[in-house]
Amino acid sequence: MDEYIKYINIPVNKILIDHYATIGLDEKMTMLLIRLMSYSNDGLTEVTFDDIIDGSTFTREELSKLIQHLIANQFIGINNKVVSGKHVESYDFNPLYKKLENIITNKAIHTYTKNDVSDLFQYIEKLYGRTLGPSEYERMTAWLRDDGYSVDQIKEGVDIAYKNDITSLSYVEKILNSIKKESNNEPVIPFKNWLKGDI
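Residues numbered from 1 in each chain as written. Predicted model: local features only at pLDDT ≥ 70, side-chain atom pairs only at ≥ 80, totals over all residues. Heavy atoms only, no water.

A. Unusual backbone geometry, seen in detail. Even without glycine at this site, glutamine 74 takes up a positive phi of about 60°. Inspection of the secondary structure assignment puts glutamine 74 in the loop between α5 (60-72) and β1 (77-83). For glutamine 74, a relative accessible area of 54% gives the class exposed. In this structure, aspartate 165 is a non-glycine residue whose phi angle is positive, near 60°. Turning to its location among the elements, aspartate 165 is positioned in the loop between α9 (151-163) and α10 (169-183). (Helix = DSSP H or I, 4+ residues; strand = E, 2+ residues; numbered from the N terminus. Buried < 20%, exposed > 50% of the residue type's maximum accessible area, 1.4 Å probe, protein only.)

Pasting the structure below:
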């Protein structure tokens, strides 16, 4: 029996295990994803909360919040299909695989810590002389998490816009895109043109 237990394994995505923090996951969310993928791979048409909770420390309330978070932050999606005349939901892991693909294709090579994020927000709040709103926090976190910009690149973009008396994150995003294109030797729109409203 001991030998049998040693070889009861499930396939776990190594890139997910090695880089879950880089894409914005913590240990609980990662374990939840592993359990969801395991049940989905087992051929269960519909994975229930009871399936996931069984043998875990998750509560129903916590599980509901975590799944909502994974959906809202585009780690998983929900597929709806009709099986034997009734609607059945299943989990779609393609959004997660896309984030992991970005890791191995070097589209999101910058890693960051909570201290980096805190430092970035404090830097911008001091520069702007005001507290940032929740949507601004989320937007900048997405630049780090999803677009692979480094803290220094975001600070550079903010500085360029601020020197031109602009504190709009939309302009900062255009600057970041131009910086990325410039580093990839792609044609870019000069900063001054669109900072002056020429586009």
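B. Representation of helix α8 (residues 134-145) in the model. With twelve residues, α8 extends 16 Å between its outermost C-alpha atoms, agreeing within 8% with the 16 Å of an ideal straight helix rising 1.5 Å per residue. Every buried residue of α8 is listed here: Glu136, Met140, Thr141, Ala142, Trp143, Leu144 and Arg145. (Expected span 1.5 Å × (residues − 1).)

C. Region of interest: the pattern of salt bridges. Using the criterion set out here, one finds eight salt bridges in the structure. Across the pair lysine 98 and glutamate 101 runs a salt bridge, and its minimum N-O distance is 3.8 Å. Of this pair, lysine 98 and glutamate 101 both sit in helix α6 (residues 94-104), three residues apart, which is roughly one turn of the helix. Looking at lysine 98, the relative accessible area reads 42%, which means it is partly exposed. Given the relative accessible area of 35%, glutamate 101 is considered partly exposed. Between lysine 155 and aspartate 119 there is a salt bridge, and its shortest N-O distance comes to 2.8 Å. In this pair, lysine 155 is assigned in helix α9 and aspartate 119 in helix α7 (residues 114-128), connecting sequence segments 36 residues apart. A relative accessible area of 17% places lysine 155 in the buried class. (Salt bridge = Lys/Arg side-chain N within 4 Å of Asp/Glu carboxyl O.)

D. Spatial organisation of the side chain of threonine 30. Turning to its location among the elements, threonine 30 is positioned in helix α3 (residues 27-41). At a separation of 2.8 Å, a polar atom in the side chain of threonine 30 contacts the main-chain carbonyl oxygen of aspartate 26. Excluding residues that lie within four positions of it along the chain, threonine 30 makes contacts with Leu16, Tyr20 and Leu25. (Polar contact = N/O pair within 3.5 Å; in protein donor to acceptor, adjacent residues only side chain to side chain. Contact = heavy atoms within 4.5 Å.)

E. How the structure looks around the nonpolar core. Among the nonpolar cores identified, the biggest contains 25 residues, and Leu25, Leu32 and Leu96 are the most heavily contacted of them. The set of elements that each furnish at least two residues to this core consists of α3, α4 (49-53), α5 and α6. It is α3 that provides the largest number of residues to this core, a total of seven residues. If we skip the residues at most four places from it in the chain, leucine 96 touches Leu16, Ile23, Leu25, Leu33, Met37, Gln74 and Phe75. Grouped together as the second largest cluster of nonpolar side chains are 22 residues, Tyr149, Val151, Leu169 and Ile179 included. (Core = buried A, V, L, I, M, F, W, Y, C linked by side-chain atoms within 4.5 Å.)

F. The arrangement of the packing of aromatic side chains in detail. Following the criterion strictly, the structure yields two aromatic pairs and no others. Each ring, one from tyrosine 128 and one from tyrosine 162, has its centre 6.3 Å from the other, and the planes form 20°; the classification is stacked. Taken together, the residues tyrosine 128 in helix α7 and tyrosine 162 in helix α9 connect sequence positions 34 residues apart. When the ring centre of phenylalanine 75 is taken as origin, the NZ or CZ atom of lysine 99, which lies over that ring, is 4.9 Å away. Above the ring of tyrosine 123, the side-chain terminus of lysine 155 is found at 4.9 Å from the ring centroid. (Phe/Tyr/Trp six-rings, centres within 6.5 Å; stacked < 30°, edge-to-face > 60°. Lys NZ or Arg CZ within 6 Å of the ring centre and 35° of its normal.)

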